[in-house]
Amino acid sequence: MDYLKTVVPSQLLSERGSNLVVINPGSANIRVGLAKQDSPFNIPHCIARRTNQFSKLNVQDQLLNSQVTTAQHMEREKAYDVIASLLKIPFLDEEVANNSVPRKMGRVDGYNPQNTRKDGAFTWTDIRLKDLKSSEAPGSSMDRSVINESMVQREGTDSMEPTLTERKFREVICGEEALRISPTEPYCLRRPIRRGHLNISQHYPMHQVLEDLYALWDWILLGKLHIPHQERSLYSAILVVPETFDNREIREILSILLRDLHFSSAVVHQEGLAAVFGNGLSTACVVNIGAQATSVICIEDGVALPNTEKTLPFGGEDISRCLLWTQRHHQTWPQIRTDILTKSIDLLMLNKLKESYCEIKEGELDAVAIVHSYEDAMPAGSHKTRLTALNVPPMGLFYPTLLIPDLYPPPPRSWFHDYEDMLEETWHIEFPRRSDMPDGVYPGINVGLPLWDNYPYFSMKPKKEEKVGLAEAITSSILSTGRIDLQRKLFCSIQLIGGVALTGGLIPAVEERVLHAIPSNEAIDTVEVLQSRTNPTFVSWKGGAVKLMQISRCQKMHDLGQILGVLDFGRDAWIHREDWIRNGIHIGSGRKYKDSYFLQAQAMCYINS
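A quick note: this is a predicted structure, and the numbers were derived from the prediction, not measured.

Draft legend 1. Main features of the overall build of the chain. Within the chain one finds 18 helices and 21 strands. Residues classed as buried in the chain amount to 56% of the 609 residues present. Across the chain, the fraction of contacts at a sequence separation of at least 24, relative to all contacts at a separation of at least 6, is 69%.

Printed below as a string of structure tokens:
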């Protein structure tokens, strides 16, 4: 213990972080790296598998409901005009008076050197094998070699000798390369996590989701971290889970880490809690604005407060979709076929435009940009255009009817009947389900925890306010703590994390909108968003890269300037591979973590000694 009090954090990370892999999975991206690294690999969380069914949809989620109803369209236009009034810009259908710069577009064959960083085009992924000999490897399909950082899986060699056509294409492509595959190629793109949950539906069964997660993470460990299968038992995993995950999803992912990927042990941390310690804090209201979901949760003295959790079903990708709609409405978008659902490369382009040009500020915000068209595996076409109203899409965070998120199909009913999930408070239940438990409700923590909107809620479980804006969600979360002293502290300790947190002008916008959202009868008149000491995109990963040391002297942690290095403290929190495989989750285990109630609790808080 004396050593832990005197050691320099960088020295501790160097000594004990070389065999710890920190994994922070998200809906659009996964952040992975060794604990000793300064920053993780940020990789698109998707996988594409080659298919011989040419008539099959090229995107697994292509059957989701992306149609905008008339009522939604009217609500979107109304939200635009409200935002326009706040930003002091013309309304949606109002002509810009005295506009000296006409809105016109033209195709350009070259590039503007001043915009090379912002407007570079993406290239189609080469789906052919570079070196057939290097892909020959004995063993099962999961032991194939990595070629150009892609795991290649091929059909069994015990069948007839494959033809030349069968041998020259990559069977599995992961990460950004999967997003840049032409829709004309026989590949099916899959995203194992959607809107903060495992992407399980009638069209994407659970076993396929878990197989894709394993293949994708195995590819990352091999190609990025260079950890071969035979050395996995020398490593432990730190899993930093989003607030949106429920206990069964945590359990399934733990099984992938321990049973399939062969880590020797694993520990679970909550994303919001990790972010707080990643910035060297102990109390804050953490607002995680991800690509597809936004979560709000309050942390007090290193302990997450579960009743303050709010989840909003929109994020950065919805801002990108709104950017496309805004430009099309103003007729500033080139006459090209941009389809972010069936052509994921278009989503990459829109995300890049959003990150480069969108910000929140008053007044008209236009910019000249290069928009690219991607057609039938041909080289990208470049179109120079003036984009307008670039400050409107990010304001959709406060007015979500502007965004209109896609609707995803619910998982099959069988997903909600998990007979292995024996929680302490449900041990007395006679399965298959309680008589007072409606169909479609998952018998999880707090007696019943539905995972999707179309499943009923219990009155004893606070209903998530998923249709409110960001400012209202933050205000409601903080006020739910019920203590005026803590509320004042939290309103002055708001922390924005996630890629969207880098949006220009977002911090003052959050401060202003939250202040206006506080009821007049509350004795609170100050709102402050704290500047992140670490890149907000991976601050949760950074926080999970080390094991929190509970020190009675709080100033000791402040002196370290960051969360402390990978400690052996709290060894009981680690879940060991042998125990997990042998016993799983069941009643009467010798180790407390065997029931999934503890898995959920472990992610929610630390021992406050």
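Text resumes after the structure shown.
Draft legend 2. Highlighting the sheet that holds strand β21 (residues 575–576). Strand order across the open sheet formed by six strands is β3-β2-β1-β12-β13-β21, with mixed pairing between neighbours. Unpaired on one side and paired on the other, β3 (41–44) and β21 mark the two borders of the sheet. Two strands pair when backbone bridges link them, and strand β13 (residues 265–270) and β21 are joined in this way by two bridges, in the antiparallel orientation. Residue pairing in the sheet places Ser265 in a bridge with His576 of β21.

Draft legend 3. Layout of the packing of aromatic side chains. Enumeration according to the criterion identifies two aromatic pairs in this entry. Centroid distance Tyr80 to Trp325: 6.3 Å. Interplanar angle 70 degrees. Geometry classified as edge-to-face. Here the residue Tyr80 occupies a position in helix α3 (residues 70–87), and Trp325 occupies one in helix α10 (residues 316–329), the gap between them amounting to 245 residues. The exposure classification of Tyr80 matches that of Trp325, with both residues buried. With a centroid separation of 5.9 Å and 85 degrees between ring planes, the pair formed by Trp124 and Tyr374 is classed as edge-to-face. Separated by 250 residues along the polypeptide, Trp124 in the loop between α4 (116–119) and β6 (146–147) and Tyr374 in the loop between β17 (367–373) and β18 (381–387) bring together distant segments of the chain. With relative accessibility at 1%, the residue Tyr374 sits in the buried group. Sitting over the ring of Trp325, Arg76 keeps its end group 4.5 Å from the ring centre. One cation-aromatic arrangement involves Lys352 over Phe122; the distance from NZ or CZ to the ring centre is 5.1 Å.

Draft legend 4. Expanded view of the environment of Ile484. Residue placement: Ile484 occurs in helix α13 (residues 484–491). Looking at Ile484, the relative accessible area reads 37%, which means it is partly exposed. Sequence-wise, Ile484 and Glu522 are 38 residues apart; in three dimensions their C-alpha atoms are separated by 8.7 Å. Setting aside chain neighbours within four positions, we find Ile484 in contact with Ala523 and Ile524.

Draft legend 5. Highlighting the pairing of β3. Looking at chain direction, strand β2 (residues 29–34) and β3 are connected through four bridges and run antiparallel. Among the inter-strand pairings, Arg31 is bridged to a residue of β3, identified as Asn42. Here β2 folds back onto β3 in antiparallel fashion, the turn holding six residues.

Draft legend 6. A look at the state of the cysteines. Taken as a whole and assessed by the stated rule, the structure comprises zero disulfides. Left unpaired, Cys358 is separated from the closest cysteine sulfur, that of Cys322, by 8.6 Å.

Rules of the game
- Residues numbered from 1 in each chain as written.
- Predicted model: local features only at pLDDT ≥ 70, side-chain atom pairs only at ≥ 80, totals over all residues.
- Heavy atoms only, no water.
- Helix = DSSP H or I, 4+ residues; strand = E, 2+ residues; numbered from the N terminus.
- Buried < 20%, exposed > 50% of the residue type's maximum accessible area, 1.4 Å probe, protein only.
- Contact = heavy atoms within 4.5 Å.
- Pairing = 2+ DSSP bridges.
- Phe/Tyr/Trp six-rings, centres within 6.5 Å; stacked < 30°, edge-to-face > 60°.
- Lys NZ or Arg CZ within 6 Å of the ring centre and 35° of its normal.
- Disulfide = S-S within 2.5 Å.

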